[in-house]
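Listed below, chain by chain, are the residues.
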Amino acid sequence: MNRKRIREFGYVIGKYPTGVKNKITDVPGVRVGHWTVDEGQQHTGITVVLPGEDNPFLKKYTASGYVHNGFGKTCGLIQVEELGTLETPIALTNTLNVGKVADALVSYMVEETRREGVEISSLNPVVGECNDSRINRIQDRAAGEQELRAAIAAAAMDFEEGNVGAGTGTICYGLKGGIGSSSRILKIGGRTYTVGILVQTNFGATEDLRVDGDPVGRRLREKLRQSGSGSSADDRGSIMTVLATDLPVTERQLYRILRRCGVGIARTGAYTGHGSGEVMIGFTTANRVDTTGNQMVESCLRLREEALNPVFDATAEAVEEAILNSMTAAGPARGLDGAWYRSLSEFLGKEEL
């Protein structure tokens, strides 16, 4: 599959420079892996974000979560929000597979931690989801422990986008959605930092879609109707957003940054409908929390609050571009009811649009 990204169509989103790959893995240490099934009536998968090379349970990541609209079935956000730490990889899958993937993450982390001589008695697996039942026979619950391990084994700095992994069966603005990513580079206080975004897109009404401010959805909906292709009249579904950064920020500051992910979502046209789940999870590779020692007092570096403005701006840009990448990189797919969900890349660059 020829997986084009939005910049290959001449669109440059925002003003901040991107990382080398323009993906979440531009944040040093972060890797992404997929497991995909795309045959028969099963079109689903797992996408896993590994925050670093070492064991996240033994040296936790400062983290936060934010629920913009809560029509979702995520696992692990309560403890992330309460304690401000991430202690497992972040896995994305479909709605009915959350429990199986969470259980698989527990098994994986017990094994990894036991290898280092530590027995786990409590663990907070973090799993997000989108409902891919319009394309995937979701009741089959195809993803479990073997599939999670395959996604982890495949984790790398470079990874595919579009209808792959947890994005295999998703729909965005009535077109094919999927996995998308982007990054931004910032210079603050004489140092260079990276904000990386990964999204799993499954939301939005067709006529609301905007590409770099252009309301293309209004024109697209009529074209899709005339061709008999699938579309979406309501903003429903979900979008999972994972943010990684190496900025020295606290969990409270991460929460503030995560809220700006909603700005990037809105720039693509969505208004966050009743039936849509907008969930954001973020972590920083700075300010790790070492649980192996006995120290009762911890210290960490943090940005001054007034230094966060460019971070807010860059985050919104990266989310907007990641969403568009998820759509242009995705190939068309057939729904279980026979509807044909086309790729945004089929329309961009054509004068009639």
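Structure: above.
Residues numbered from 1 in each chain as written. Predicted model: local features only at pLDDT ≥ 70, side-chain atom pairs only at ≥ 80, totals over all residues. Heavy atoms only, no water.

What follows is about the pattern of salt bridges. Taken as a whole, this structure holds 24 salt bridges when the rule is applied. The salt bridge partner of arginine 149 is glutamate 111, with a shortest N-O separation of 3.3 Å. With a gap of 38 residues between them, arginine 149 in helix 3 (residues 145-153) and glutamate 111 in helix 2 (residues 98-114) connect regions that are remote in the sequence. For arginine 149, a relative accessible area of 26% corresponds to the partly exposed category. Among the ionic pairs, arginine 256 bridges to glutamate 305, the shortest N-O distance being 2.8 Å. Of the two residues, arginine 256 sits in helix 5 (residues 251-259) while glutamate 305 sits in the loop between strand 12 (276-290) and helix 7 (309-328), which places them 49 residues apart along the sequence. Assessed through its relative accessible area of 26%, glutamate 305 is described here as partly exposed. Connected via shared salt-bridge partners are Glu111, Glu112, Arg115, Glu145 and Arg149. (Salt bridge = Lys/Arg side-chain N within 4 Å of Asp/Glu carboxyl O. Helix = DSSP H or I, 4+ residues; strand = E, 2+ residues; numbered from the N terminus. Buried < 20%, exposed > 50% of the residue type's maximum accessible area, 1.4 Å probe, protein only.)

Relative to each other, helix 2 and helix 3 sit at 60°, their axes nearing to 8 Å. Once helix 2 is placed against helix 3, the crossing between them reads as right-handed. Between helix 2, through Val101, Ala104, Leu105, Ser107, Tyr108 and Glu111, and helix 3, the contact on the second element is made entirely by Glu145, Leu148, Arg149 and Ile152. Taken together, the residues of the contact of helix 2 with helix 3 break down into six nonpolar, one polar and three charged. (Axes fitted to C-alpha atoms, helices over the stretch in contact; angles between N-to-C directions. Left-handed = near helix turned anticlockwise from the far one by under 90°. Contact = heavy atoms within 4.5 Å. Nonpolar A, V, L, I, M, F, W, Y, C, P; charged D, E, K, R; others polar.)

Within strand 12, twelve of the 15 residues are buried, which leaves it mostly tucked inside the rest of the structure. Of the pairings in the sheet, the one linking strand 3 (residues 59-70) to strand 12 comprises ten bridges and is antiparallel in character. Within strand 12, the position partnered with lysine 60 by the bridge is valine 289. Across nine bridges, strand 11 (residues 237-245) lies against strand 12 in parallel orientation. By the bridge assignment, isoleucine 239 is partnered in strand 12 with glutamate 278. (Pairing = 2+ DSSP bridges.)

A few words now on the sheet that holds strand 1 (residues 31-39). One open sheet holds the four strands; their spatial order is 1-2-5-6, and the pairing between them is mixed. The open sheet has two edge strands with one neighbour each: strand 1 and strand 6 (126-130). Across the sheet, the mean angle from the axis of one strand to that of its neighbour is 15°, orientation sign disregarded. As defined by bridge partners, strand 5 (residues 90-94) adjoins strand 6 across five bridges and the pair is classed as parallel. Along strand 6, the bridge assignment pairs isoleucine 90 with valine 126.

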